[in-house]
Amino acid sequence: MSGNRALVVKGLKASYGSIQAIRGVDLKVVAGSVVAVVGRNGAGKSTLLNTICGVMKSDEGSVHFGDDDLSGKSAQKVTRSGVALVPEGRRIIAPLTVRENLNLSKAARRKSDRDMETWVFELFPILKDRSKQYAGSLSGGEQQMLAIGRALMTHPELIVLDEPSMGLAPFVVDKVYESLISINNSGISVLLVEQDAILASSVADYMFLLQQGEVAAQGTPDDLNKNDFISTGYFS
Ligand SMILES: Nc1ncnc2c1ncn2[C@@H]1O[C@H](COP(=O)(O)OP(=O)(O)O)[C@@H](O)[C@H]1O
Ligand SMILES: [Mg+2]
């Protein structure tokens, strides 16, 4: 299930009417790595992820996952290629149970011998305990775990997360981030968006700073620290 394909994004542009939200972004996620995109509110982070994942159409540019050309492909085709999005704000379905939410992605599921539900319940035991409860009754942290679990159910090679820490208490953020490390250790690549660069740098192998729809800096967390991007509180 784990893959050896890189995600390669070139010259990606996307807009809302006359607003150019991303203006020619180049980005790479090396197979097996954790890449973080950081930047202030409105920098274009969600637009970038949504365009990569087929939720939004690009104006220009290309997205490749290994040999698969995902440019302009539908969200379902992107998922089928092995790239699963955990969207901003989780988007779980409140009146369905935890288990029903996990099974929502069935249509986009890829073939695999792995029993993913068992693994999701190992990663997040609380979801197993609550599998018959309505998703709307879960806490914010549990809903985030469910959103991650739902993405994993498609058997991705790359999981893409849009601000997974948003609105969560620090100890819950720690739990979610621990799960990301386990997911990555199992061979799944991770592309992560956060406003909090220090948090993102705690797990990232490589980082991109997005500013007004463009990559303003990139490097390892160490590189960026040396450049004072993180340590000066640039992002706060
Ligand atoms: N649905 C939308 N309609 C119009 N403009 C939007 C919409 N969504 C985002 N934008 C604009 O696009 C830019 C990038 O937004 P977004 O990608 O959501 O940034 P981020 O995720 O980094 O906060 C911002 O200027 C934002 O106002
Ligand atoms: Mg966003």
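K.L.:
I would appreciate a short explanation of unusual backbone geometry in the present structure.
P.N.:
Peptide bonds are trans in most cases, and residues, glycine excluded, mostly fall at negative phi. Although it is not a glycine, His155 sits at a positive phi angle of roughly 60°. Position of His155 relative to the elements: it lies in the loop between helix 6 (140-152) and strand 7 (158-162). Its relative accessible area of 6% is what places His155 among the buried residues. Here Gln212, not a glycine, exhibits a phi torsion of approximately 45°, which is positive. Structurally, the position occupied by Gln212 is in the loop between strand 9 (206-211) and strand 10 (214-219).

K.L.:
How do you make sense of the site of ligand 1 when you look at a structure like this?
P.N.:
Neighbouring residues of ligand 1: Tyr16, Ile19, Ala21, Arg40, Asn41, Gly42, Ala43, Gly44, Lys45, Ser46 and Thr47. Backbone polar atom of Ala43 to an oxygen atom of ligand 1: 3.2 Å apart, as the coordinates give it. For the shell around ligand 1, the secondary-structure elements that each account for two or more residues are strand 2 (19-29) and helix 1 (45-52). Counting residues per element, the shell around ligand 1 draws most heavily on helix 1, at 3 residues. The class makeup of the residues in the shell around ligand 1 is 4 nonpolar, 5 polar and 2 charged.

What counts, and at which threshold
- Residues numbered from 1 in each chain as written.
- Chains lettered and ligands numbered in written order.
- Predicted model: local features only at pLDDT ≥ 70, side-chain atom pairs only at ≥ 80, totals over all residues.
- Heavy atoms only, no water.
- Helix = DSSP H or I, 4+ residues; strand = E, 2+ residues; numbered from the N terminus.
- Buried < 20%, exposed > 50% of the residue type's maximum accessible area, 1.4 Å probe, protein only.
- Near = heavy atom within 4 Å.
- Polar contact = N/O pair within 3.5 Å; in protein donor to acceptor, adjacent residues only side chain to side chain.
- Nonpolar A, V, L, I, M, F, W, Y, C, P; charged D, E, K, R; others polar.

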